[in-house]
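Letter by letter, the chains look like this.
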Amino acid sequence: MLAQSCKKVILEKKGISPIILDLRKISSFVDFFVICTATSEPHLKALTFGLEQKIREELNLHPLHIEGSPKSHWVIIDYGPVLVHVFMEEERAFYELEKLWGDAPVL
């Protein structure tokens, strides 16, 4: 499963507190959110670059779109049915996607 592969890469790259939210029963635009925290701007850059590279190598998939940058402290990598959110700690706490999508089961 793509979401599980993303989480695995995030853990390999030392991403903090990665979770997968299963949105299939509550969203019409996406199946899963993968959410994690980076410890610094260079770490956020390394996480997003490493994720893109590893998913391309292992699953032959390319993101449909990437939004944000390390300077914005939030990057979204869109793989269609899976959206990967890589936040800095303050932004993750502020936006609280886990709480906003609180009806979604955590895998």
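Residues numbered from 1 in each chain as written. Predicted model: local features only at pLDDT ≥ 70, side-chain atom pairs only at ≥ 80, totals over all residues. Heavy atoms only, no water.

Going by an unreviewed UniProt entry, the protein chain carries the name Ribosomal silencing factor RsfS and comes from Candidatus Methylacidiphilum infernorum. Per its UniProt entry, the protein chain bears the Sequence similarities (unreviewed entry) comment "Belongs to the Iojap/RsfS family." (UniProt positions renumbered as here; feature names shortened; annotations may be inferred.)

Caption draft 1: Highlighting the overall build of the protein chain. Secondary structure summary: the protein chain contains four helices and five strands in total. For the protein chain, the succession of helices and strands along the chain, N to C, is α-β-β-α-β-β-β-α-α. Relative to a compact globule of 107 residues, whose C-alpha radius of gyration would be 13 Å, the protein chain shows 13 Å and is just as compact. Expressed as lengths along the three principal axes of its C-alpha atoms, the size of the protein chain is roughly 35 × 35 × 20 Å. Going through the 107 residues of the protein chain one by one, you find that 41% of them count as buried. Nonlocal contacts in the protein chain, meaning residues at least 24 apart in sequence, comprise 59% of its contacts between residues at least 6 apart. The average position of the 12 basic charges and that of the 15 acidic charges among the side chains of the protein chain differ by 6 Å. (Helix = DSSP H or I, 4+ residues; strand = E, 2+ residues; numbered from the N terminus. Rg over C-alpha atoms; globule rule 2.2 N^0.38 Å. Buried < 20%, exposed > 50% of the residue type's maximum accessible area, 1.4 Å probe, protein only. Contact = heavy atoms within 4.5 Å. Lys, Arg positive; Asp, Glu negative; His and termini not counted. Charge placed at Lys NZ, Arg CZ, Asp CG, Glu CD.)

Caption draft 2: Geometry of the nonpolar core. Counting 21 residues, the largest nonpolar core has Cys6, Val34, Tyr79, Val82 and Val84 as its most contacted members. Listing elements by their share of this core, those giving two or more residues are helix H1 (2-12), strand S2 (32-38), helix H2 (41-59), strand S4 (74-78) and strand S5 (82-88). For this core, the element with the highest residue contribution is H1, accounting for five residues. Among all residues touching Val84, those that are not within four sequence positions of it are Cys6, Ile10, Val34, Leu51, Val75, Ile76, Ile77 and Tyr79. Core analysis: the second largest hydrophobic core is formed by 11 residues, Leu21, Val30, Phe33 and Ile35 among them. (Core = buried A, V, L, I, M, F, W, Y, C linked by side-chain atoms within 4.5 Å.)

Caption draft 3: Seen up close, the pairing of strand S3 (residues 65-69). In this structure, S3 lies alongside S4, joined through five bridges in antiparallel fashion. Looking at the pairing, Ile66 lines up with Ile77 of S4. The loop that links S3 with its antiparallel partner S4 comprises four residues; one of these, His73, has a positive phi angle of about 70°. (Pairing = 2+ DSSP bridges.)

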